[in-house]
Every structure is written in C-alpha cells, then in structure tokens.
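# Analysis of the macromolecular model
So the chains spell out like this:
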Amino acid sequence: MAAVLVSTTVNGDAVEYSCAPRESLLDVLRNRLGLTGSKEGCGTGDCGACSVIVDGRLVCACLMLGAEMDGRTVETVEGLADGATLHPLQTKFLEHAALQCGVCTPGFLMASKALLARNANPTEEEIRFALAGNLCRCTGYDKIVRAVSAAAAELAHPAKSGTGKKTGGKKAAGGKATGKKKG
Amino acid sequence: MAFDTQYTNQEFKVVGKRVLRPDGIDKVTGRARYGADMNAPGQLVGRILRSPHAHAKIRAIDTSKAEKLKGVKAVVTAADLPDLTRGDMGMYDTLENCMARGRALYDGHAVAAVAAIDADIARKALKLIKVDYEILPHVTDVDEAMKPGAPIVQPRIRTVGVNPAPTKPSNISQVSEFGHGDLDAGFAEADVIVEKSYKTEQTHQGYIEPHACLASVGPDGQAELWVTTQGPYMQRNTCAALLGLEVAKLRVTASEIGGGFGGKTHVWMEPVALALSRKANRPVKLVLTREEVFRGTGPTCSTSMDIKIGARRDGTITAAQAVLRYQDGAFPNIWGMLGAMTAWACYDLKNVKATAYDVLVNRPKVAAYRAPSAPMAAFGVESTMDLVAAEIGMDPVELRIKNAAKEGTRASYGPTYGPIGIGPTLEAAKNHPHMKAPLGANQGRGMACGFWFNFGGQTCVDLNIGQDGTVNLAVGTVDVGGARASLSMIAAEELGIPYEKVKCIVADTASLGHNDTTEGSRGTFSSGMATVFAARDAVRVLRERAAKTWDIPVDRVEWRDGKAHAFGDEHGNLAPLSLEELAAKAARTGGPIAGHNEIVADGAGVSFATHICDIEVDPETGKSRILRYTVIQDAGKAIHPDYVEGQFQGAAAQGIGWALNEEYIYGADGRLQNPGFLDYRIAVCSDLPMLDTQILEIPNPNHPYGIRGVGETSIVPPLAAIANAMSNAAGVRMTHTPMSPPRVLKAIREAHGA
Ligand code: FES
Ligand code: FES
C-alpha cells in the first residue's frame, strides 16, 4: 500500500512525514519522529500510557492513525515544558513523588493537562474519574491525585510557590492536602 | 553481622529528607529511555509465534515460506537454541520456556520467532509459519492437577519431599513442611477450632511497560543487550549460558524500568532476541505486546488451601495448621514452599505446621510477584483469624496482639526473631483514628497483618570522586522506584556533603562487578549497605591524602562534615581540608580518589504490616467500594519517606486489585480468555480512595542505618483485610478471590436463602 504524506503540527513545530495507512499515531511519534516519550502499554486503548492531545482533545495515540493527522495539532509530553521551565504539572509530579517507575507519567501528565484545561479547579473525585483511563501500577494513585490538585492550585495562583525554576527546593505548603476542594 | 547501636537511632543530616529524585526531570519530560525506547543502526523488528493450545506435541514446524518472504532476515525455532545446559534442570526449564522444544506446555508458549525489516513483514511472516500440533489433554486448575489420572504436565517430574520416593510421574513437583510442636496436643487443648478452605485466582504483576529488549550479537561473539529487567547480571549469566557466549563479552544494560514487581526478575524472550540477532547478523528489537505479556510472562500462582486454628477462650492460639496447594505453571518451582514459610510468620505459636504442595499445570511459568506467595497464605490465615475472634467474642486486633511474634519468638519457618515490628504495627492500628471512624449502612471495617522476609545478597558499588569534589556512585541494582535518590542520600550522608553533589547511576554489567537481581526488596537495603562501606572506603583515602598534605600521621585526621580535620595538640591549628580541596589536589597526592565495596549483604531484616480497610458493599449488585484504607508498616529506617510511602501505597493498591477484580480466566479449552487490560482489570484511579500510611521505624540491627526492605510487605494484608471488612459490611465470608461483584452477590443471595 502506498505511503501517505502528512503535514501536521507537533508541539508547535511544522512536521512532515510519510507513513503507512495502517500505522498508528503512536508508532509515527515513536518510530518516525523520535518522540518516544509517549509509551505503549497496551496498544488497545486500555492503559493511557500513549495519551496525547490532538486539536485540544485527549486521545490514545495507539487508537489514532498517523495518516489522520494532516492539518491537525498534536501535543505530546515532549512539548509540555517551556524550554527549561517545567509545566506546573511536571513540577508538582516531582515534588509530590507522583511517579515511581515513571512509565505512566507522560500519559498522566497529558491527561491531567486536558483535565485542567476544561476544569481549572477539579475536586478529588473529578480528578479520579478524569484519570481513570490512565493505569498506574506503582503508586496507588494517591500521590498523583495530590500532584494534580496542587498543580491546579499553582496554575490558579502562580505567584505563591514560585514555579518557574526547574525543580526548586521543598514541597509546597499544603503538599499534604487531601486534594479535596469545593466544587 | 550486627552493628553497634551507635549506627542505629543515629542523627542524620540527609537521610530521611524528602529530596527530589535525580531521574525525575527525564521522567516528566519524556526523555527517560525505557526498554522499547532504544534503537540501533540497521535494527530489525522481532516477533514471536505462540502456541494457541494449552498442551500439545509439536510434530513439525515448517518455516520455509516465512524465510522466503521478502524482508525477513531470520527465523528461529528451538533448533537455533541447542541445549547447552548440561543437566542444569532450572536452566533447561528457562530455555524451554523461551522456546518450546517439541511440546507446547501452555497457551502462549513461544514456538518460533522472526526478525524482519519492519513490523508488518514480521507479522506476515508469523502467519506463514506452519506448526503441526498434536493436541494433548490439559489441566489448568490446581486441585484438578493433583487428582490421580490428571494429564501429566512434565513426565520427568517425581514428587520431591515424600517418603518413599515415588517412581511414577506426578504434577506435584514438591511437598514441603514447616513448623514445630505437637499439633494434636495443641488442638486437644483448644476451646474452639475453626477450619476453612480458600481459593485465590491467578494474578499478573501488571507492570505498565511490556517486556522489551534490543539485542546485538556480532560474528566475533561479542554481544550487547539493552533490556528492561530487574536483573541485568541475571540476564547476562542466563543468556550467555543459553547461547554459549562468554559472560564477559555479553554486555547487558538495564534500561529505565517501567515496573517489574518480580515479573522482570526472570529471562523471558531475551535469548530469542539474541538468537535472532546472531542468525540475522543485525541488531534485533523485540517488544512484547500486552497480550503476550499476559499469556507468556510472569503471573503469580493460583492457590487452594485449608486453614485450621485452635484457640482457648482467652485468645491463646493452641494450634495452627495450613495445607497449601500452589500451582507453579508448567515448570517446577518453590512458590508453595515460600507460601508455607510465610503463612504463620506473624505469630508466636507453640504448635504449628504448614504443608505446601507445588503443583504443575498448563499455564505460564509462574514468576515472582511482590512478596511472592505470601498474600495467598495470608488471605487464608488472616481470614481464619477473624473467624476465631468472632467465635470467642474477642476483638480481632486484640486476638492478634495476644499472639503476635516478638523478639525471641521462634518463627514457624525456623529462625528466631530479632527485634521485629508486628506488635508495634498492631498497637499502632489499635490506636489509629481510622479504627474509631463511624461507619454507615452496608459498610464494614476489617484489618489484617502481613509478613515478608526481605533479601540481601551479592552487591557491589563503586564511588568515584571527580576533580571538583562531586561524586559518581555506580550501583548494580536496578532503580525500580526511586533508589537512586535514596542511595545518593546515603553517600552524601557518609561523605558529609550535600545530596546534590552526588550523581548515582545504574552501571552496565561490563562496568561493575556482579550484583544479584533487584528482588526481595533488596535494592536500597543491600546497595545502601555497600554504599555506606564504599563511602567509608573513600573517606579512608581522603584522610590519607589530607595526612599526606599536612605531613602528619593519618590517625591524627578525622572526617567530619565533608572535611578532613587534623586533631591533637600539635595539629590543632591546621585549617580543615574540604572534599573539593582534596579532590582538586588528587593528582599530586596519589591519583584518583575512589571507594569500593563488594559484599554479600546479609540480614535484610523481616518486615511486618497491618492494614485497616473500610468497605461498602451494595447488597443489590455485590459491587464494593473501598471507603478508607490505612497502611501501617515497619520500614526499619525510612531513607526517603516519600518513596517509602509510595511503596506502601503501590503495594496496597495491587493487593486491593487482587482482592476485588483481577484474575486469569481460562476457558475449557485451556486458553486464557482475558489477556488484556480491558478484561483483566487492575485498580484504576476512580476505584481507590487516598491510601493513608504510617511508617514505623524499628531499626534493623544488621544494617548500619537500620534499613529494612520496604517494597513488598504491604501487598500481603489487603486480600484478608478486604475479606474481613466485607464480612462485617455484608455478613458474608468470602473465601475465593477475586471478591468480584458476581461472587459477592452470589454469596449474599446464598446467605439470605434467595
Ligand atoms: S498504549 Fe494506548 S492506551 Fe495503552
Ligand atoms: S509510576 Fe510506574 S506505572 Fe505509574
């Protein structure tokens, strides 16, 4: 079968590639574009390790085709930080020890980003349900939920705990909060 | 080996702090390289063909069509992996598990493999391989496999551990027995005797990263293997033996590991990747699919067991007996034996016995899974403990406190305990606010205890000081959950320098001496111990260099706060020399400054946990929801509390999934019916509440910092804690995991005579 030529935007950069018609977006990202941050945990849409954002929508890259990306916008974990400045989600995941092995982390970060884009102040329950499509086998999710909650607070009031530097110092105040918030 | 008490309960400057991990940035930016993230020039894609039958004779394999397909560079079968094991049956089993040899022993057993220029061609090539199977009768249930007349899985097996030695083959590979005292006398003394049988279904470790490797074998016999594994040295030794390579010429590099939990302590498909590479004379990347992970690698045992406890009305247990039947998959192992060793380890018992049957079935070769074998036995024992408590009208925590093992107790599996934490975790549970929280309708609370041995083993560490005084620490235990941070902290503590000055790496097998596999919670314990000694070795060198610089005797130099200090009346006025200063002058004082340690780290220190669980059960559907969960565990000394908590929480979550949902479902045809995360349902974020933790620190006298392994124990209590909570919530005693909604609903209906 003839390869498909695709022009798309990945993490803000214009990208062109050709791929086989049946090749998944995940395979294109990992094997053709060298973006191995997105992981394959299942290849069947069940684990969320491949979560990326396409045109603002959270998707499993293993369930989309590379050929579908023409003219669209793809965001992956590699584009989350702004240069040397980590995204508050990244900072909070580190500060809250929300990763152990870390293989689920790229997917959780992208799913959390999509959540916070549509709900800036999620409750614990909203976080838990929004992230229910992302499997983590290491953490028991406790520290992930806390990290997302802390990142939401940070994004709402960025002045307070000085995100911006790579990974400054100590756990932010309220780091042991339950993650519960009003509505 | 015991350390002076000055090394326990000591004041720490770095250890015990919540520092950021050194591999953190790479892992939140997508830069970290896991098993499937490495590439080599000219690499091929490997794929494996697996048996669709539970048990079959392989009459012939025709690979000719696949070999002719354009783009296929190698096809291998057992013929390409000749038997070089020279009578080592364990090694032979590994070889046969990697690639079937004339017979397929389970659904998913590898029978052939290809390497092709892309995944599409590799997939097509697999379809062109014709395997001529003669289907044989199979058995997948542990109790069925023990019956006379059951299909025999391994005709070579004669049961070990029975007298007289049997002459006929059996699926029971081994019978083991532990305990002491007089059971009959003990049961005769009892006021009440409770007896119950239990079953647990097979579960998988469920690491999110599938097995993956990149293998490269050159025509000169030099080889490299990049692989996601808990045991790079184990991989090296096993693969070298199976392929006839020289150990020193096979360099194994452990990638970042996306979870292992014991499932990556074994060799699975790596020898196949190496064989493909050798035949194709090109690098081969072999990544398993999720389905292959479930069908072909690593689950833990399914079990069946009978537990019997006799007790007096005052709560004293007079006798305890366990009969355990564990299936090891298609290859003999000691998982049942481990279950028997752990079954009664929490208690101080006069008359106790545990008998284990290790049983073969047509399922995948069982691998270690976090505190392997302990959760199932604890499910039976801890559930029965609650039944005893109810029978004599005693609080379940009090019953356990009354019988808890303590320092000086002779464990049911043999040794006499040193200082241990079971009593303190129970006292902490008793006093925990969780115990007093109110419960609503259809809600219940349960608790249970757990035990794990923890391992030490062979360890080797290099510590090198750079010219600017920063420190490289090279370790050989894989970092499965933040160990590089903990080990850097230990090095910083010993050297008296800031944590940020230490960079810890996991070395490849050519760069550091042998290290045992990271299993049995040994990583931070044993590499931590070796790091302490390597750092002290470096401090010795630093003191010598300072003495040389000052031209004074070395015994007049002490190391404090990252500096050499001269002491004694005649030297008191010499200004201290810092690590940086000594490092900068190293070239003129004797060359590079380093510390090394090679050790067999003994005395890992047993650990105990007590869990409390609140659950709500919907009587209409049998669906349950965990409302609140508390983990209390002894860590010896928590080097990095965040990661200790994380281990507790992760282990508890795995136990909760095991208790409520996870199971291998085999059809009558012996095929696995749910090899995917959709139907094999691990706990997701919305299934769980916050998991509270309480770290107790009862120092391990065998470690300079008092460390115990922490990674495994907390997977042990959840099965019974949940069963006990469910019994209090819904009035049904569940004896079969997973306690999934259909099973619970059935139990509720039966209990209410509906
Ligand atoms: S790899 Fe896409 S959901 Fe698992
Ligand atoms: S941190 Fe390992 S799977 Fe989430």
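The rules we used
Residues numbered from 1 in each chain as written. Chains lettered and ligands numbered in written order. Predicted model: local features only at pLDDT ≥ 70, side-chain atom pairs only at ≥ 80, totals over all residues. Heavy atoms only, no water. Helix = DSSP H or I, 4+ residues; strand = E, 2+ residues; numbered from the N terminus. Buried < 20%, exposed > 50% of the residue type's maximum accessible area, 1.4 Å probe, protein only. Contact = heavy atoms within 4.5 Å. Areas by Shrake-Rupley, 256 points an atom, 1.4 Å probe, with all protein chains shown as cover. Buried area = accessible area lost by both parts, 1.4 Å probe. Salt bridge = Lys/Arg side-chain N within 4 Å of Asp/Glu carboxyl O. Polar contact = N/O pair within 3.5 Å; in protein donor to acceptor, adjacent residues only side chain to side chain. Nonpolar A, V, L, I, M, F, W, Y, C, P; charged D, E, K, R; others polar. Domains from an automatic or database assignment. Pairing = 2+ DSSP bridges. Axes fitted to C-alpha atoms, helices over the stretch in contact; angles between N-to-C directions. Right-handed = clockwise from strand over helix to strand, strands pointing away. Left-handed = near helix turned anticlockwise from the far one by under 90°. pLDDT = per-residue confidence, 0-100.

Of the regular secondary structure elements, chain A holds 5 helices and 5 strands. The order of α-helices and β-strands along chain A, N terminus first, is β-β-α-β-β-β-α-α-α-α. In chain A, which comprises 183 residues, the proportion classed as buried is 56%. Restricting the contact set of chain A to residue pairs at least 6 apart, pairs at least 24 apart contribute 60%. Surface summary for chain A: the accessible area is close to 7,500 Å², and the carbon and sulfur share equals 52%.

Counting residues at the interface gives 49 residues for chain A and 52 residues for chain B. Where chain A abuts chain B, roughly 4,100 Å² becomes buried across the two surfaces, and 59% of that area is made up of carbon and sulfur atoms. Looking at the side of chain A facing chain B, the largest losses of area belong to A:Q100, A:R128 and A:R137, adding up to 21% of the total buried there. Applying the counting rule to chain A against chain B returns 5 salt bridges. A salt bridge links B:D37 to A:K39; its shortest N-O distance comes to 2.4 Å. Viewed at the interface, chain B and chain A are joined by 23 residue pairs in polar contact (both at pLDDT 80 or more). Considering only residue class, the side of chain A that touches chain B consists of 21 nonpolar, 12 polar and 16 charged.

Right, let's talk about the domain arrangement of chain A for a bit. Where interface size is given, it is often the accessible area lost as the parts come together that is meant. Residues and elements named next belong to chain A. Domains assigned within chain A are domain 1 (4-79) and domain 2 (88-161). Here the C-alpha centroids of domain 1 and domain 2 sit 22 Å apart. Listed per partner, the contact involves 13 residues of domain 1 and 12 residues of domain 2. A buried area of about 990 Å², summed over both sides, lies between domain 1 and domain 2, and 65% of it is on carbon and sulfur atoms. Remark: the boundary between domain 1 and domain 2 carries 1 salt bridge. We note a salt bridge from K113 to E75, for which the minimum N-O separation is 2.6 Å. Along the contact surface separating domain 1 from domain 2 lie 5 residue pairs in polar contact (both at pLDDT 80 or more). Among the residues forming the side of domain 1 that touches domain 2, the class breakdown is 6 nonpolar, 4 polar and 3 charged.

Moving on: the sheet that holds strand 1 (residues 4-10) of chain A. Residue and element names in this part refer to chain A. Strand order in the open sheet made by the 5 strands is 2-1-5-3-4, with mixed pairing throughout. Across the chains shown, the open sheet's two edge strands, defined by having one partner strand only, are strand 2 (13-19) and strand 4 (57-60). Mean inter-strand twist for the sheet, computed between neighbouring axes without regard to direction, equals 40°. Seen against the sheet, helix 1 (residues 25-32) touches strand 1, strand 2 and strand 3 (51-54) and runs at an angle of roughly 105° to strand 2. Packed onto the sheet, helix 3 (residues 105-118) meets strand 3, strand 4 and strand 5 (73-75) and runs at close to 40° relative to strand 3.

On to the pairing of strand 18 (residues 471-475) of chain B, then. All names here are of chain B. Where burial is concerned, most of strand 18 is hidden: 4 out of the 5 residues are buried. Alignment of strand 17 (residues 457-465) against strand 18, held across 5 bridges, turns out to be antiparallel. Paired with D462 across the two strands is A474, which belongs to strand 18. Here strand 17 hands over to strand 18 after 5 residues, with G469 in that stretch at a positive phi of 90°. With 5 bridges connecting them, strand 18 and strand 19 (residues 502-506) associate as parallel partners. Residue pairing in the sheet places V471 in a bridge with V502 of strand 19. Running through helix 14 (residues 483-495), the crossover from strand 18 to the neighbouring parallel element strand 19 is right-handed.

For the rest of this paragraph, the subject is the sheet that holds strand 21 (residues 563-566) of chain B. Residues and elements named next belong to chain B. Taken in spatial order, the 3 strands line up as 20-21-22 in an open sheet, and their pairing is antiparallel. Because the sheet does not close on itself, it has two edges, and the strands there are strand 20 (557-560) and strand 22 (577-578). Note: strand 21 against strand 22, 2 bridges, orientation antiparallel. The residue of strand 22 that forms the bridge with A564 is L577. Seen against the sheet, helix 15 (residues 523-550) touches strand 20, strand 21 and strand 22 and runs at an angle of roughly 130° to strand 20.

Attention shifts here to the packing of helix 11 (residues 374-392) of chain B against helix 19 (residues 718-730) of chain B. Residue and element names in this part refer to chain B. At a minimum axis distance of 7 Å, the contact between helix 11 and helix 19 shows a crossing angle of 30°. Viewed along their axes, helix 11 and helix 19 form a crossing whose handedness is right-handed. Across from P375, A378, F379, E382, S383 and D386 in helix 11, the residues of helix 19 making contact are L719, A720, A723 and N724. Residue classes in the contact of helix 11 with helix 19 are distributed as 6 nonpolar, 2 polar and 2 charged.

With that settled, the discussion passes to the pattern of salt bridges. Scanning the model with the defined rule gives 58 salt bridges over all chains in all. Residue A:E95 is joined to A:K92 by a salt bridge in which the shortest nitrogen-to-oxygen separation is 3.1 Å. Placement of both A:E95 and A:K92 in helix 2 (residues 88-95) is noted, with a separation of 3 residues, approximately one turn of the helix. On the accessibility criterion, A:E95 (10% relative accessible area) is buried. With its nearest N and O atoms 3.3 Å apart, the salt bridge here joins B:R743 to B:E663. Taken together, the residues B:R743 in helix 20 (residues 741-751) and B:E663 in the loop between helix 18 (641-660) and strand 26 (691-696) connect sequence positions 80 residues apart. Taking the relative accessible area as the measure of exposure, B:R743 reaches 22% and is therefore partly exposed. What makes B:E663 buried here is its relative accessible area of 14%. Each member of the salt-bridge network shares a partner with another, and the members are B:R21, B:D23, B:K27, B:E256, B:D479 and B:R484.

This part takes up the confidence of the model for chain A. On average, residues of chain A carry a pLDDT of 89, and 86% of them reach 70 or more. This stretch, residues 161-183 of chain A, has a pLDDT under 50; its non-local contacts, to residues over four places away or in other chains, come to 48 contacts.

All names here are of chain B. Per the domain assignment, the segments of chain B are domain 1 (44-136 + 209-258 + 264-296), domain 2 (303-454 + 605-752) and domain 3 (456-601). Taking only C-alpha atoms into account, the centre of domain 1 sits 36 Å from that of domain 2. Facing the 20 residues of domain 1 at the interface are 19 residues of domain 2. Summed over both partners, the interface of domain 1 with domain 2 comes to about 1,700 Å²; 66% of that surface belongs to carbon and sulfur atoms. At the junction of domain 1 and domain 2, the tally comes to 0 salt bridges. On inspection of domain 1 and its partner domain 2, the count reaches 6 residue pairs in polar contact (both at pLDDT 80 or more). Secondary structure elements with two or more residues in the side of domain 1 that touches domain 2: helix 3 (89-98) and helix 9 (290-296). Here the element with the most residues in the side of domain 1 that touches domain 2 is helix 9; it accounts for 5 residues. Residue classes in the side of domain 1 that touches domain 2 are distributed as 7 nonpolar, 7 polar and 6 charged.

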